[in-house]
Amino acid sequence: MQEFDYIITGAGSAGACLASRLTEDPDVSVCLLEAGPRDDRAAIHTPAMIVDAIYSEDLNWHYDTVPQKELNNRELYWPRGKTLGGSSSINAMVYIRGGHVDYEAWKALGAEGFGWNDVLPYFRKSEDQQSIQDQFHGHGGPLCVSDLRYINPLSEAFVRAGVERGLKKNNDFNGSNRLGVGPYQVTQRDGKRCSAAAGYLSPDVQERPNLTVMVETLATKVLMDGTRASGVRVKHKGNEHDITARREVLVTGGAINSPQILMLSGIGPAEHLRDMGISVAVDLPGVGENLQDHLDTGVAFTGKTTRAYSYNIRSLPKQMAEAVRYLFTRKGMLTSNAAETGGFASTRGEGEPDIQFHFVPAIVAPKDEPRSKIYGITLHSYVLYPDSRGTIRLASTNPEDHPLIDPQYLSKGHDLQTQIDGAKMALDILQAPAFDDERKDLHAPQNMPKNDAEWETFVREKAETLFHPIGTCKMGAKKDPMAVVDPHCRVYGATGLRVIDASVMPRLVGGNTNAPTIMIAEKIADLLKAGG
Ligand SMILES: Cc1cc2nc3c(=O)[nH]c(=O)nc-3n(C[C@H](O)[C@H](O)[C@H](O)COP(=O)(O)OP(=O)(O)OC[C@H]3O[C@@H](n4cnc5c(N)ncnc54)[C@H](O)[C@@H]3O)c2cc1C
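The structure presented is a predicted model; accordingly, all values stated were derived computationally and were not measured. Sequence order as written defines the numbering, with residues in each chain counted from 1. pLDDT decides what is reported in this predicted model: residues at 70 or higher carry local features, side-chain atom pairs at 80 or more are listed and counted, and totals for whole chains, interfaces and linings draw on all residues regardless.

Thoughts on the overall build of the protein chain
Piece 1. Looking only at helices and strands, the protein chain has 14 helices and 25 strands in total.
Piece 2. Over its C-alpha atoms the protein chain spans a radius of gyration of 22 Å, differing by no more than 12% from the 24 Å that the globule rule assigns to 532 residues.
Piece 3. In terms of principal-axis extent, the alpha carbons of the protein chain reach across some 65 × 50 × 45 Å.
Piece 4. Exposure classification rests on a simple neighbour count of other C-beta atoms within 10 Å of a residue's own: a residue reaching 20 or more is buried, one at 12 or fewer is exposed, and one in between is partly exposed. C-beta atoms are placed from the backbone. Each of the 532 residues in the protein chain was classed as buried or not, and the buried ones make up 55%. Labels follow the DSSP assignment, with helices taken as runs of H or I lasting at least four residues and strands as runs of E lasting at least two, numbered in each case from the N terminus. Atoms counted for the radius of gyration: C-alpha only. Globule rule: 2.2 Å times residue count to the power 0.38.

Right, dumping it as structure tokens:
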């Protein structure tokens, strides 16, 4: 029987940070479990190989949603990272924290201690900002945040196009205000991806005698002694064994796997657990509820030139030259994260933004043909604060089976109209003079929509995830019956058990979700070290 002070069930954005911070104290022992393999592939570390990472066979959980009623019953592909670094090892590296208002909203929803002034020190603590010096940014932290080393001229044209359409230029979306268009900063160090593993689990950290990292090891269940978490059952190479946690089990599997393992352990909505034949340890109706995600619509034109990124054979000589350049200098096109520029806007024309743009100098093809050979430009837009809420439910009691993922996209409120308005705004920007020498034919939608009904048809046929699921073990006040964890991430009704990852966010931040997840882990690591 192995025993550790803490067992962490997943080495993703949150788990890697926690393992690193907790083992700074040599008297604390930690076992970090990761279902996937080590993060030793070039596809992870070379930024431009992001398509290979997203579609890789074994670095990825390869989830699909259940058929989405409001999206013509399509099942959407949901990649999630399955390796050291988790989704931060396959993501697009865009470094965004969201708006200051987002954290005030969390606080109002019961996440006491997560207001903007509370969380800013933890964003700063995690960060090693390479270019900006001001009160918003940190230096010397594990997560390296850089300007892109290479920006495609078409990405620069996007910024000019946005300004031509009345948006202001913004050089730092993580400063005082998100509104406007500009270059994205990326989680990269010296031209290589800085995943949570690259940042927090350096060889030095992994060699600490008080840290045991077990890869290709699936946590199948939290062992419950009544309502106390006493350890974790794991499966490695077909064999199961139990590991004991002297202090606590920290569940860090992300927004899909964390509610799954809680439910497999008897923690969740009692009725669903009984239907699945699982005996109830803690009746927590909020587990697997409150699923939120950013739904994305890409408007695209084919290009007149070959400046865009493409898998077309005509680009091969350039790609080979760039590969050599990258090998020797860590510079050039291979450092691109594809989504090099973007921005935030309000479809209402005023106030806080309600949509975000990611400009990609390429035609991004769907799941079945990700390596597009067409040259072109795509402007992605998504609704920052959707009203729709979905669920994660068990499909079976086998921990190796995928759970049922039902985000219920576009099922509520203004989501559809804002999605349409965002796509219309994207089309308008792509039609700006800055793209006159590039824009050829409209590619997506295929025909120019004449009215909102035609835009709606396009959205329902083509919208895809932007990979930001959160909220399925939401943080909240004790009086909220749907809260799963308290503001210290302790699971209500249980002892010795916390959930610490994107699943605890009560509401989507208006932006990408990696930096906020790491911020949460930094904050809870501090609380744990202080005995809280
Ligand atoms: C394709 C893609 C692009 C994205 N682009 C961006 C971006 O550009 N910028 C941004 O900010 N965000 C982006 N995101 C989102 C961001 O990466 C995630 O929100 C963030 O990484 C979530 O962190 P997490 O710790 O909650 O989960 P994860 O990082 O997914 O970590 C969970 C880890 O737990 C492991 N695990 C799960 N269950 C078990 C188990 N039972 N036993 C053992 N191990 C287990 C998993 O294998 C994984 O390693 C993107 C995500 C994806 C998938």
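Topic: the site of the ligand
Piece 1. Near, as applied to residues and a molecule or strand, means the residue's backbone-placed C-beta atom lies within 6 Å of it. The environment of the ligand is made up of 41 residues, and the closest members are Gly 10, Gly 12, Gly 86, Gly 254 and Asn 512.
Piece 2. Of all the secondary structure elements, the ones that give two or more residues to the shell around the ligand are α1 (13-22), β12 (217-225), α9 (254-264) and α14 (514-529).

Some words on the environment of Glu 438
Piece 1. One can find Glu 438 in the loop between α12 (415-430) and β23 (439-444).
Piece 2. As for Glu 438 and Leu 218, which are separated by 220 residues in sequence, their C-alpha atoms are 48 Å apart.
Piece 3. This entry defines residue contacts through backbone-placed C-beta atoms, with two residues in contact when those atoms are within 7 Å. Setting aside its immediate chain neighbours within four residues, Glu 438 contacts Leu 154, Ala 157, Gly 303, Lys 304, Thr 305 and Ile 377.

Comments concerning the sheet that holds strand β8 (residues 185-186)
Piece 1. Strand pairing is assigned whenever DSSP identifies at least 2 bridges connecting the two strands. Spatial strand order, β5-β6-β8: 3 strands in an open sheet with mixed pairing. Single-partner strands in this sheet number two, and they are β5 (127-129) and β8.

Remarks on α1
Piece 1. Counting buried positions along α1 gives 10 out of 10 residues, so the element sits mostly inside the fold.
Piece 2. Turning to α1, its buried residues are Ser 13, Ala 14, Gly 15, Ala 16, Cys 17, Leu 18, Ala 19, Ser 20, Arg 21 and Leu 22.

Side note on the nonpolar core
Piece 1. Under the definition applied here, buried Ala, Val, Leu, Ile, Met, Phe, Trp, Tyr and Cys residues are grouped into a nonpolar core through C-beta atoms within 7 Å. In terms of nonpolar packing, the biggest core is built from 158 residues, with Ile 7, Leu 18, Ala 19, Leu 430 and Ile 500 touching the most fellow members.
Piece 2. In this view, Ile 500 contacts Ala 14, Leu 18, Leu 250, Thr 252, Cys 489, Ile 520, Ala 521 and Ile 524; residues no more than four positions away in its chain are not counted.

Some remarks on the domain arrangement of the protein chain
Piece 1. Segment limits for the domains were obtained from an automatic or database-derived domain assignment. Split into domains, the protein chain comes out as domain 1 (2-41 + 197-291 + 470-529) and domain 2 (113-195 + 294-465).
Piece 2. Computed from C-alpha atoms alone, the centre-to-centre distance between domain 1 and domain 2 is 29 Å.
Piece 3. Contacts between the two partners involve 33 residues from domain 1, matched on the other side by 32 residues from domain 2.
Piece 4. Elements supplying a minimum of two residues to the side of domain 1 that touches domain 2: α7 (196-200), β12, α9 and α14.
Piece 5. Considering every element that reaches the side of domain 1 that touches domain 2, the biggest residue donor is α14, with 6 residues.

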